[in-house]
Amino acid sequence: MSIQVPAQWRSALPYLDERLPEDRTPQTRAGGSVQVNLPMELARQSIQQKEFWDIPAPVQEAYRSFRPTPLWRASRFEQAIGSRVPIWVKYEGENISGSHKLNTALAQAYYYHKAGVRELVTGTGAGQWGTALAAACSLFGMRCTIFMVGTSLERKPYRGVLMRLLGAEVHASPTTLTDVARQSGGQGNSLSLAIGEAVEYAARTSGAAFCIGSGENYSILHQSVIGLEAAEQLAEHEAEVDAVIGCVGAGSNFGGLALPFYTEAKASGGTMPRLVAAESSSTPKLTKGVYAYDKTDATGTSPLEAMYTIGSDYSIPDSHSAGLRYHGAAKLISALRHQGYVDAVAVDQVTALECGRVFTQTQTVLPAPESCHALAAAARLATSGAGDLRAERGILVCVSGHGYLDLGAYQQLLDGTLRDQAPSPAALLAAVSGLAPVDSPARQS
Amino acid sequence: MSVLKLDRGRVALAVKKVVIAESRLAISPDQVADDEPLNGASLRINSLGFVGMLIQLEEQLGVTLSDDLFVGRSFTTVADLVDVIQNHSEVSA
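Calculation rules
Residues numbered from 1 in each chain as written. Chains lettered and ligands numbered in written order. Predicted model: local features only at pLDDT ≥ 70, side-chain atom pairs only at ≥ 80, totals over all residues. Heavy atoms only, no water. Helix = DSSP H or I, 4+ residues; strand = E, 2+ residues; numbered from the N terminus. Expected span 1.5 Å × (residues − 1). Buried < 20%, exposed > 50% of the residue type's maximum accessible area, 1.4 Å probe, protein only. Pairing = 2+ DSSP bridges. Axes fitted to C-alpha atoms, helices over the stretch in contact; angles between N-to-C directions. Contact = heavy atoms within 4.5 Å. Buried area = accessible area lost by both parts, 1.4 Å probe. Salt bridge = Lys/Arg side-chain N within 4 Å of Asp/Glu carboxyl O. Polar contact = N/O pair within 3.5 Å; in protein donor to acceptor, adjacent residues only side chain to side chain. Domains from an automatic or database assignment. Parallel < 35°, antiparallel > 145°, perpendicular 65-115°, else oblique. Nonpolar A, V, L, I, M, F, W, Y, C, P; charged D, E, K, R; others polar.

*Asks:* Describe in detail helix H4 (residues 102-114) of chain A, supporting the description with residues and values.
*Replies:* All names here are of chain A. Across its 13 residues, H4 extends 18 Å between first and last C-alpha, which sits within 8% of the 18 Å expected from 1.5 Å per residue. The buried fraction of H4 amounts to 11 of the 13 residues, a majority that puts the element mostly inside the structure. Among all positions in H4, only Leu102, Asn103, Thr104, Ala105, Leu106, Ala107, Gln108, Ala109, Tyr110, Tyr111 and Tyr112 are buried. Phi turns positive one or two residues past the end of H4, at glycine 116, with a value near 95 degrees.

*Asks:* Give a detailed account of the sheet that holds strand E10 (residues 243-247) of chain A, specifying residues and quantitative values.
*Replies:* Hydrogen bonding along the main chain pairs the strands of a sheet, whether they run parallel or antiparallel. All names here are of chain A. Read from one edge to the other, the open sheet built from 6 strands follows the order E4-E5-E15-E10-E11-E14, with strand pairing classed as mixed. In this open sheet, the two strands that pair with only one neighbour each are strand E4 (71-73) and strand E14 (342-347). Put simply, the sheet's adjacent strands are angled 25 degrees from each other on average, direction ignored. Relative to strand E11 (residues 274-280), E10 runs parallel, the two being bridged by 5 bridges. From the neighbouring strand, glycine 246 faces E11, where its bridge partner is alanine 277. Relative to the sheet, helix H11 (residues 224-236) contacts E4, strand E5 (87-91) and strand E15 (395-399), its axis offset from that of E5 by approximately 140 degrees. Packed onto the sheet, helix H12 (residues 252-268) meets E5, E10, E11, E14 and E15 and runs at close to 160 degrees relative to E10.

*Asks:* Please set out the interface of chain B and chain A residue by residue, giving values where relevant.
*Replies:* At the junction of the two partners, chain B supplies 28 residues and chain A supplies 27 residues. Of the roughly 2300 Å² buried at the junction of chain B and chain A (both faces included), carbon and sulfur atoms supply 56%. For the pair chain B and chain A, the interface holds 1 salt bridge. In this structure, glutamate 58 of chain B engages arginine 44 of chain A in a salt bridge whose closest nitrogen and oxygen atoms are separated by 2.5 Å. The interface formed by chain B and chain A includes 4 residue pairs in polar contact (both at pLDDT 80 or more). In terms of residue count, the dominant contributor to the side of chain B that touches chain A is helix H2 (residues 47-61) of chain B (10 residues). Relative to strand E3 (residues 74-75) of chain B, strand E2 (residues 34-35) of chain A runs antiparallel, the two sharing 2 bridges.

*Asks:* So what's going on with the domain arrangement of chain A? Which residues, and what values?
*Replies:* Residues and elements named next belong to chain A. Considered domain by domain, chain A is made up of domain 1 (61-95 + 224-432) and domain 2 (102-213). The gap between the C-alpha centroids of domain 1 and domain 2 is 23 Å. In this complex, domain 1 contributes 30 residues to the contact, which on the side of domain 2 involves 23 residues. Buried area between domain 1 and domain 2, both sides added, is near 1900 Å², and the carbon and sulfur share of it is 57%. At the boundary of domain 1 and domain 2, one finds 4 residue pairs in polar contact (both at pLDDT 80 or more). Elements that contribute at least two residues to the side of domain 1 that touches domain 2 include exactly helix H2 (57-63) and H11.

*Asks:* Explain the packing of helix H15 (residues 349-363) of chain A against helix H16 (residues 369-382) of chain A residue by residue, including any values.
*Replies:* Residues and elements named next belong to chain A. As a packed pair, H15 and H16 sit with axes 8 Å apart at the nearest point and diverge in direction by 85 degrees. As the angle between them shows, H15 and H16 are arranged roughly perpendicular. Each of Gln349, Thr351, Ala352, Leu353, Cys355, Gly356 and Phe359 in H15 lies in contact with H16, whose residues at this interface are Pro369, Cys372, His373, Leu375, Ala376 and Ala379. Per-class residue counts for the contact of H15 with H16 are 9 nonpolar, 4 polar and no charged.

This is the structure we're talking about:
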């Protein structure tokens, strides 16, 4: 492998056809002071139309312990599924967090530490983000508190062990520690509630700040190392792809893989591959959601962001892919979907894990259930096609994490007890009925 | 980068213009007193909008605002913000 770890992240913001719709901030009561909770550099990375951002030396050094991540042609997988085209895999599971989440956790911990924050607090679904943040906090000498979706922690107790081993304090959400959980009326167990608990806990803890692993422009920027490396690696192999695929919870691994290809095509005037987001059919925000202003967590104090959403109040059916169980897509991914640059495919979890089994047997790499959705979408584009989506020259797919702590899901697959829970169309409609469409005027206060 | 003490009048004018815009008011900067609360009867700045406002001020004044001046600190009046920007800005490279 001759490529180097990128020295800069690359932002897609300067190349959007239209600027992102502004967040709508909820009205707060008059009185009281104003506080800053986000490091300035992260704010700059979210807002400024700057293309290249230097990766700080301590973050680069940490990256070098697990990057560049491998890219290979999955030939035996191609044969097993009857693929018409080469399938190239970019694998992000070879670090202690087991996923791509460490790419942004390290950057965020660095910036918060530099800003004087002593403790980071977050919510996590599958536990990959929580583990990544625990590792990053350990590296930068910070305390870490994690609110993990309770049912997910119950299924994957070793996620909790790993986070605690890294020095984090781990709580199963909903807890009895926060008002937002107490007021949820037992409707909890969702990622937005876990995030809401973390927001509230951080706000009342001295020296602490809340941070989030996916969805914000800066986290997608940090993930651009995935696509930047992949483009170089494909060039080394003289390989060409016309479809780039990643799974989408909020969209950080998909954005990290796909947006450098978007940006390069926009900058050079070259051909852009199809950018294909693979989502869970039980959380179908990109295929069945609406483009509207919605909350990012359950506190009701977050800004309303323009996103494809199935409604932040929607009770998402249970699944093993906790990392995909988020009601909305990142505003950057949503805007690109709205502008026609992002295609989407919904995948059932049985189909996804079955594809994961084939991948495991042919590649001897165990993909996370979330990543299996991307592999299943890739298999569809490589064979029969998904609607009018087909790949003709080659596919690049991100396997965003490993599945060693998800073996319970694979056990159910082997036992034949794995099931899908399709969302109710009536419930989906009800959950988005009160949301303002993105093109609507802001409400005057 | 080096620390630069900026002209207070220039900083105050920039701050007042930005807080007026953020509060969606149609008033002139000289109608905003230095001790005007940032989140009061007239100006309505909240924490979520505040960071974006700081980025605008950086661009307008050509300075870099250091993280350790802001994260975890509270600001009550227009003058609080003017003081920090005037005394602790670094000239952008």
